[in-house]
Amino acid sequence: MSNGEAVGRAVTPQDASLKVTGTAVYTYDCSIPGTLHAKLVTSTMPHARITRIDTTASKAVPGVVAVLTGQDMPFRVGMYAGDRDLLAVEKVRWSGHPVAMVVAETLEGAERASELVNIEYESLPTVFDPVEAMKPEAPLLHEKMGEYRHAPAFNPIPGTNIANKFTLIHGDVERGLKEADEVIDDEFVVSHVSHAYMETQNVVAHWMRDGTVEIWTSCQSPFIVRQIMAESLGIPYNKIVIKTPFVGGGFGGKAGLGWEALVAMASKLVGCRPVKLVLSRKENFSSGASREGVVAHVRAGFKRDGRCLAYKVRFVLDAGAYADYTVNVGRAMGYSAEGVYEIPNVYCESYAVYTNKIPTTAMRGFGYAESNWVLEQVFERAAKKLGIDSAVLRRMNLLKPGESHTATGEKLREDVGDPRKVLQTLLKELGWGEKSSPPSQSWKIRSKGFALCVKGPSQPPNASASAIVKFNEDATIDLVVGTGNFGQGTVTALSQLVADQFGISVERVRVDLTRDTSKSAYTWQTVGSRGLFTDGTASLRACEDAKRQITDLASQVLRIPGEQLEVSEGEVKVKGRPWMNIRLKDIVFGYVYPNGNTVGGPIIGRGYFSSSLTTYLDPTTGQGIPTIFHTFGGTAVEVELDLVTGSIEVQKAVQVFDVGKAINPLLLRMQLDGGFVMGMSIALFEQVKFDDQGWVVNPNFSGYYIARMKDIPKEFVAAFVETPQFDGPMGARGIGELSMISVASAISNAILEATGIKLNNLPMNPETVWRAIKEQRPDLLTKAMESYSGVETPLRVTS
Amino acid sequence: MSFGSPYFTLPEFTYHHPNNLEEAMRLLKTHGEEAKVMGGGVGLLAFMKERLMSPAHVIDIKGIRELKELKYTSGIGLSIGACVTLAEVAQSDAVKHHYTALHEAVSGAADPMIRGRATLVGNLCEAIPWVDSPPALIALGGAVRVNGPRGGREVDLGNFIRGPVDIDLQPDELVTHLVLSESPPSRRSTFQKFSVGSEFSVASVAASVVLGRRREVRLVYGGVSSTPLRSLEAEKVVAEGEVSEAMIQKAAHVASRSVQCVSDVLASADYRRHLVQVLTTKALKRVFER
Amino acid sequence: MRESEVKVNGQIRMREMKDNELLLDLLRDRLEVKSVKAACWRGECGLCTVLLNGELVKSCLVLAVEASGGEVVTVEGIGEDGSGGGGLTAIQRAFMEHGASQCGFCTPAFVLTTHELLRRNPSPTESELTEAVSGLICRCGTYNQIREAVAAVKAHDKRSVSKKLVESTR
């Protein structure tokens, strides 16, 4: 029960003033006295045995303290499988694989020395394509896969390059396909994408003389970093302290372990001196981790009336040299394959496959954007083929709260959300059915399209969160949580939740803006759009706990039964006798009687979140309950396609999500708009490009284009539906990733709507679209070229 | 394009800041191969960070007064000193009216912060395939004035860029000015480019047409190959044909067939050829509609 | 090494500068002006933007010695512009109110750039704003909020913006 007014208000994010004044401190800004500089030396071969590493010349550079190699730190780490060496051991697996690390007194010295490390290789056969890599004759990247420890939820196949195989079996898909009137059969390819967070990966590590390892790192999940390091290096958890100051963007790319273990070992090996590693942008592109490429093959069967009977899809994920999160991304891609629809027969095989390319990891959306790209286009194409309005087709197949079972066999709770209302709102805001405004030129086309999506966090059943409500002497509150703070503003939403619990103003609740595993309350990770839900629930329970302690104490003091007492408006209120109310500040540190007797002590409220009903997924059929909530939503766009150049410009962006409860509409809008921009940028522009040796050939922002102000739509509509979920904090569900998932599909559907052109591959950059127009609708291109006059609305103001 | 620096620091060098041209020339003569001239420094420092260049001496010419002048003299032409920035060129009314293609090329280049530092001469001397000003300059016609120990010389703009990052300039020489000849009143010029989803122009064209009984035409393409390329075949179509839709379309077709485009990380040759057709159409329509 | 003087945010700072030192590194590492960030180190992302002698430049492509004898202003030095309230400029307050900052890493560059735009042109068109920030990247995608923040300042700030580049030091 909340009696306050903060929830629902567009409260300014707590850390905004630090950001606009440039006083927020990031790991990039941190160093401690005596910090040494580290520089990576990376492989020039995609797959090769290391025959010799000669560090003599590099060690001779003045100021160089050490040149470390894989032999110096024989530990393997990994998110779900221990497949990763800290520095290459025995062989290199991709062009850009770190083989050595120089540690020096100066950055110049480290850079100069890094040029002088001499490495000799014996070339090995390579494989760059994930489908090729699955074949029995493909060269093996991880011959020792069978020896790697791995989380039980995953199925690596030793003797192959398959890091994980996930299978989903729901109903009888072959029968469903046979009974269908129309079958859509297509292949889709999604390119590798880079998170391109603005603050590159960087770490300061100090292995101290007492055996404690202190680390400052730009990461999303300090507790998982600690866990992996502790397990891999064999150190007690409380001897590792991970600190995260402000983080300059994560987007899943900093969700797990980055370079922390490596830099920590370096600190130890140089005699317990602090060491800092900052990745250059090129290194982040080439040696860090990207989002995986995907090849998807789908067959979907529909009845003439539009009902989807069967959905059969195979995802092959190009996981790169190390699989990291990608085994789980592939799993999530699989169990999310059916999206918002109730499909009686679903079959999915999802493979995460090693190739001699850059390692991959989680990215905002966690596989859902990729499976959405397939699903939502299949449904759109089915609508066209059957001659049914897209909206009608969608509505007919939507999952029904309280009734439907998902493809993993989960019966949807009644308060799971309202996909019909989401669709209705989306279509209304888009103006579906109303003609688009005329295009700006005769060789351009304007059209509308939409796509739906749904997601919940992909977390293990025991992923928990905890919170501590700590009062200060003036009854202001310090809320101690673990959820990270790198742009989503969750901490502000949490302070709103807590403020209302006590009926105090939101300024009187403070959440620390940085994290420290030795001081912050535990949360599993800050990923998966879980933060508000899990840490919010934990925070509310901590408030309940604190209130119980407060009313118990007040009851004692006032000699009034607890049920006649209530904490609100910053006081313990007595029903019917307001003159007996006690101010919180007079009780949260114990109560002092007039004669000095004291009862009670500092109130510390504690609470946790754990999910009760989520399960492991059956290893053969994928059946189970994978997640704690399902946020339904969708994206709609009005686009303008330039038929002459293939450029797509989004004119209007609509995002609608059933968030349960909008704790902070401003934060919500920021996620919806920001997620759209990121999703649009990925849909239209972004592609990590590789040459035939697996080198990333565009490891910079001129070759890897990210949307700028000039690329955004003129109009943004951010709307939300509120169907409260009773076990969410004030009814709220998560949103962080959702706003990215259906963006690409919506854009593609708009193009299909207007031209019938199918775009199977991402990104839909101008050249790709032009080719598609040429191949599929050459008549449109010819007509456009004929009417092309070259007069454009000027994009730039000439000075 | 495929480079990217793993380096945060610059290699070591001695920085020089001559106050006058003689001093600059003396430094160049002394250090020759070991020296690089710095104008805005945008290009040079980026190259140095990637260790594509590691000169032992950097000669910053921004302090030399006579190199800062942009001067248009009616009847003579335009003189742009080596230290004139892209922003200054973009702001010049004279350039806008008489050398429109150049105005359009620099106004849309990079971003305002880069334009405020990068010099036009430096831009030209970089001779990077994706840079916008060389095609415009070649289309408009002119020369670079070079100063050196063997005396001064002028190099026609059409010959100055020999290849990617390869110009007709000796290590002990300095480009002091860019001079564009007087623009005939009947000349129309424009610069058009395509750079959606890219910082650099995937393809561009600079067109210059001197109207009259005998049309003088230049069509110079940038971003499609390792150096700016002219299409003499397309120029011929424009010079000889009657002004009409059909002539423009024909010229555009001919250009797309005659310009040798490359495939690289930004785009394929196929697409570039298509863009050549599109941009030629656009440029010619603008030129003839003015 | 050369002994050099540069004014940063209103204060004269004497520093020995190496010839090959970048202005970015002088500011961040030696003068501890940490608001200046970097994300690409080659002039593409714009996060290293500072005002040098009144012009916005990308400090990762400027030598420290080029600033010697000159004046650098970063977001710490834009100070109050006379619109009243708490030492924050109107654009900073607008950024806060409109949610124009998420992870915050690009925020100092965007604040400085839009502040300078509004200082020179109190009523920029959307096109002028887009052009002014064309050299900057925001990965979190707050462009719509930045657009709104600038529009809000344009609409409400009737008073003339102070022409002084540097207000009182912080």
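The coordinates are above.
A short tour of the structure in this document, coming up.

Conventions we followed
- Residues numbered from 1 in each chain as written.
- Chains lettered and ligands numbered in written order.
- Predicted model: local features only at pLDDT ≥ 70, side-chain atom pairs only at ≥ 80, totals over all residues.
- Heavy atoms only, no water.
- Contact = heavy atoms within 4.5 Å.
- Buried area = accessible area lost by both parts, 1.4 Å probe.
- Salt bridge = Lys/Arg side-chain N within 4 Å of Asp/Glu carboxyl O.
- Polar contact = N/O pair within 3.5 Å; in protein donor to acceptor, adjacent residues only side chain to side chain.
- Helix = DSSP H or I, 4+ residues; strand = E, 2+ residues; numbered from the N terminus.
- Nonpolar A, V, L, I, M, F, W, Y, C, P; charged D, E, K, R; others polar.
- Buried < 20%, exposed > 50% of the residue type's maximum accessible area, 1.4 Å probe, protein only.
- 1 Å grid on protein atoms, 1.4 Å probe; cavity = no way out; pocket = protein on both sides within 12 Å on 5 of 7 lines; lining within 4 Å.
- Points joined across faces, edges and corners; volume = space filled by probe spheres on them.
- Pairing = 2+ DSSP bridges.
- Axes fitted to C-alpha atoms, helices over the stretch in contact; angles between N-to-C directions.

## Things to note about the interface of chain C and chain A
Phase 1 of the analysis: Taken residue by residue, the interface counts 49 residues in chain C and 58 residues in chain A.
Phase 2 of the analysis: Overall, the association of chain C and chain A removes approximately 4,300 Å² of surface from exposure, summing both partners, and the carbon and sulfur fraction of that is 59%.
Phase 3 of the analysis: The largest per-residue losses of area from chain C upon contact with chain A belong to Gln102, Arg139 and Tyr143 of chain C, which jointly make up 19% of the total buried on that side.
Phase 4 of the analysis: Joining chain C to chain A, the criterion identifies five salt bridges.
Phase 5 of the analysis: Between chain C and chain A we count 26 residue pairs in polar contact (both at pLDDT 80 or more) in total.
Phase 6 of the analysis: Sorting the residues of the side of chain C that touches chain A by element identifies helix H2 (90–97), helix H3 (107–120), helix H4 (126–132) and helix H5 (143–156) of chain C as the ones contributing at least two each.
Phase 7 of the analysis: Class assignment for the residues of the side of chain C that touches chain A results in 21 nonpolar, 15 polar and 13 charged.

## A look at unusual backbone geometry
Phase 1 of the analysis: The linkage connecting Leu762 of chain A with the following residue, Pro763 of chain A, adopts the cis geometry, with an omega of 0°.
Phase 2 of the analysis: With phi around 60°, Ser529 of chain A is a residue other than glycine that occupies positive phi space.
Phase 3 of the analysis: Relative to the elements of secondary structure, Ser529 of chain A occurs in the loop between strand E22 (515–516) and helix H14 (531–558).
Phase 4 of the analysis: A residue is classified by how much of its surface remains accessible, and Ser529 of chain A, at 12% relative accessible area, is buried.
Phase 5 of the analysis: At Trp41 of chain C, a position not held by glycine, the phi torsion is positive, near 60°.
Phase 6 of the analysis: Looking at the secondary structure, you find Trp41 of chain C in the loop between helix H1 (23–30) and strand E3 (49–52).
Phase 7 of the analysis: Accessibility expressed as a relative area gives 4% for Trp41 of chain C, which makes it buried.

## Digging into empty space enclosed by the protein
Residues and elements named next belong to chain A.
Phase 1 of the analysis: Summed over the entire model, instances satisfying the criterion amount to 15 cavities of 30 Å³ or more.
Phase 2 of the analysis: The space that makes up the largest cavity amounts to roughly 670 Å³.
Phase 3 of the analysis: Lining the largest cavity are 45 residues, with Gln488, Ser529, Gln671, Gly736 and Glu737 positioned closest to its centre.
Phase 4 of the analysis: Elements represented by at least two residues in the lining of the largest cavity include exactly helix H13 (490–502), H14 and helix H15 (665–684).
Phase 5 of the analysis: For the lining of the largest cavity, the element with the most residues is H15, which contributes three residues.
Phase 6 of the analysis: Of the residues in the lining of the largest cavity, the class split is 19 nonpolar, 20 polar and six charged.
Phase 7 of the analysis: Size it by volume and the second largest cavity reaches roughly 340 Å³.
Phase 8 of the analysis: Every residue lining the second largest cavity is counted, 29 residues in all, and those nearest its centre are Arg84, Gln201, Leu257, Gly258 and Trp259.
Phase 9 of the analysis: Those elements that place two or more of their residues in the lining of the second largest cavity are strand E5 (84–85), strand E11 (202–207) and helix H7 (260–269).

## Quick notes on H7 of chain A
All names here are of chain A.
Phase 1 of the analysis: Among the ten residues that make up H7, eight are buried, leaving the element largely enclosed by the rest of the structure.
Phase 2 of the analysis: Those residues of H7 not exposed but buried are Glu260, Ala261, Leu262, Val263, Ala264, Met265, Ala266 and Ser267.
Phase 3 of the analysis: Downstream of H7 by a residue or two, Gly271 has a phi angle that is positive, lying close to 90°.

## Considerations on the interface of chain B and chain A
Phase 1 of the analysis: Counting from both sides, the interface comprises 39 residues of chain B and, opposite them, 39 residues of chain A.
Phase 2 of the analysis: Regarding the contact of chain B and chain A, the summed buried area is about 3,300 Å², with carbon and sulfur atoms giving 56% of it.
Phase 3 of the analysis: On the chain B side of the contact with chain A, Phe8, Glu199 and Tyr271 of chain B bury the most area, a combined 18% of that side's loss.
Phase 4 of the analysis: As a salt-bridge pair, Glu199 of chain B and Arg708 of chain A come within 3.2 Å of each other at their nearest N and O atoms.
Phase 5 of the analysis: For the pair chain B and chain A, the interface holds twelve residue pairs in polar contact (both at pLDDT 80 or more).
Phase 6 of the analysis: Mapped onto the side of chain B that touches chain A, the elements with two or more residues apiece are helix H3 (86–91), helix H5 (100–107) and helix H12 (269–289) of chain B.
Phase 7 of the analysis: For the side of chain B that touches chain A, the element with the most residues is H12 of chain B, which contributes ten residues.
Phase 8 of the analysis: In terms of residue class, the side of chain B that touches chain A is made up of 16 nonpolar, 15 polar and eight charged.

## So, the sheet that holds strand E19 (residues 465–471) of chain A
All names here are of chain A.
Phase 1 of the analysis: Reading across from one edge, E21-E20-E19-E28 is the order of the four strands in this open sheet, with mixed pairing throughout. The sheet is open, and its two edges are formed by strand E21 (509–511) and strand E28 (604–609), each paired on a single side. Sheet twist, expressed as the average angle between the axes of neighbouring strands with direction ignored, equals 20°.
Phase 2 of the analysis: Of the strands in this sheet, E19, strand E20 (477–480) and E21 are in contact with H13, which crosses E21 at around 150°.

## Looking at the pattern of salt bridges
Phase 1 of the analysis: The tally for this structure, following the rule as stated, stands at 79 salt bridges over all chains.
Phase 2 of the analysis: For Arg52 of chain A, the salt bridge identified is with Glu120 of chain A, shortest N-O distance 3.3 Å. Of this pair, Arg52 of chain A sits in strand E2 (residues 48–54) while Glu120 of chain A is found in strand E8 (residues 118–123), placing the two residues 68 residues apart along the sequence.
Phase 3 of the analysis: Salt-bridge contacts for Asp727 of chain A lead to Arg413 of chain A; the nearest nitrogen and oxygen are separated by 3.2 Å. Of this pair, Asp727 of chain A sits in the loop between strand E31 (715–721) and helix H16 (738–741) while Arg413 of chain A is found in the loop between helix H11 (390–397) and helix H12 (419–430), placing the two residues 314 residues apart along the sequence.
Phase 4 of the analysis: Looking at Asp727 of chain A, the relative accessible area reads 29%, which means it is partly exposed.
Phase 5 of the analysis: With relative accessibility at 24%, the residue Arg413 of chain A sits in the partly exposed group.
Phase 6 of the analysis: Shared partners join several salt bridges into a network, and the residues in it are Lys39, Glu111, Glu115 and Glu283 of chain A together with Arg51 of chain B.

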